[in-house]
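# Report on the structure
Spelled out from the first residue to the last, the chains are:
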Amino acid sequence: MNVDVLSTRLGVDIEPQLLELALTHRSYAYEHGNIPNNERLEFLGDSVLGFVVTAHIHDLLTDLPEGELTKVKNAVVSATALSQVATKIGLGEFLRLGKGEDQTGGREKPNLLADAFEAILGAAYVSKGLEAAEGLVRKFVFPLLEDTDSLRANSDPKTTLGEFAQAASKPAPEYLTTHEGPDHDRTFFATVSIDGKALGSGQGRSKKLAETQAAIDALAKLPKPKKSK
């Protein structure tokens, strides 16, 4: 793996060993004797991301109340948004994945990409400090804030889908969730239906994430509800 290419794309000279660790998924670590994986760096990067984004939108969106700021923040740091950022960087090609994860499209899975990006933020913080990690957030994440209305609309897909059903005089969405894999590497699959009709599906490392992805999939296929006059 040529981490120099990725470092160039990022614009931050992260210590190579830390950058490799940030790209190491638990499936790869498990297949190679339970070596360290990127989850600790992901935990750190998640906190750095939350702080930097919160401070920025507090100063940027001065007319929004706390509740709306929370929606914007949640949308910006969501797996959906961060996976889009990771895809633009081309992060998938650098991930260290186990054979099974790789063969099942792991390099394109939103949750894996989002987790890896957060881990890279953590690696940048450890290697170069807060300023370097903040620079990555400003470069790659802040552009998402150019359309805050869209961000707020998609900050809670399950609620938005429920509102669509209500506006269409339909029953509340129903989610059917299953899971596969051992406890240490479980994947959840969800299908959402309204009035008995399946509208969307999704998957993730948790039941919540799988249902969220299913709601996003459903919303992408539906027209927006008509507004009351």
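Position labels on residues start from 1 in each chain and follow its written sequence. This being a predicted model, a pLDDT of at least 70 is required before a residue's local features are given, and a value of 80 or more before pairs of side-chain atoms are given or counted; all residues contribute to the totals for chains, interfaces and linings. Note that the side-chain values use all heavy atoms of the structure and ignore hydrogens as well as water.

### Side note on the sheet that holds strand S1 (residues 174-180)
Strand order in the open sheet made by the three strands is S1-S2-S3, with antiparallel pairing throughout. Of all strands in the sheet, those with a lone pairing partner are S1 and strand S3 (197-204), marking the two edges. On average, each strand axis in the sheet is inclined to that of its neighbour by 20°, with strand direction left out of account. When DSSP locates at least two bridges between a pair of strands, those strands are taken to pair. Secondary structure counts use DSSP, requiring at least four H or I residues in a row for a helix and at least two E residues in a row for a strand, with both numbered from the N terminus. Sheet topology note: the strand S2 (residues 187-194)/S3 ladder contains seven bridges and is antiparallel. From the neighbouring strand, Val192 faces S3, where its bridge partner is Gly200. Set on the sheet, helix H12 (residues 207-221) makes contact with S1, S2 and S3; between it and S3 the angle comes to about 135°. Whenever a helix is involved, its axis is fitted only over the stretch in contact; in every case the axis is a line through C-alpha atoms, and angles between N-to-C directions fall within 0 to 180 degrees. By the convention used here, residues are in contact when the closest approach between their heavy atoms is within 4.5 Å.

### Things to note about the environment of Ala75
Mapping Ala75 onto the fold places it in helix H5 (residues 66-76). Distance in space between the C-alpha atoms of Ala75 and Ala190 is 20 Å, their sequence separation being 115 residues.

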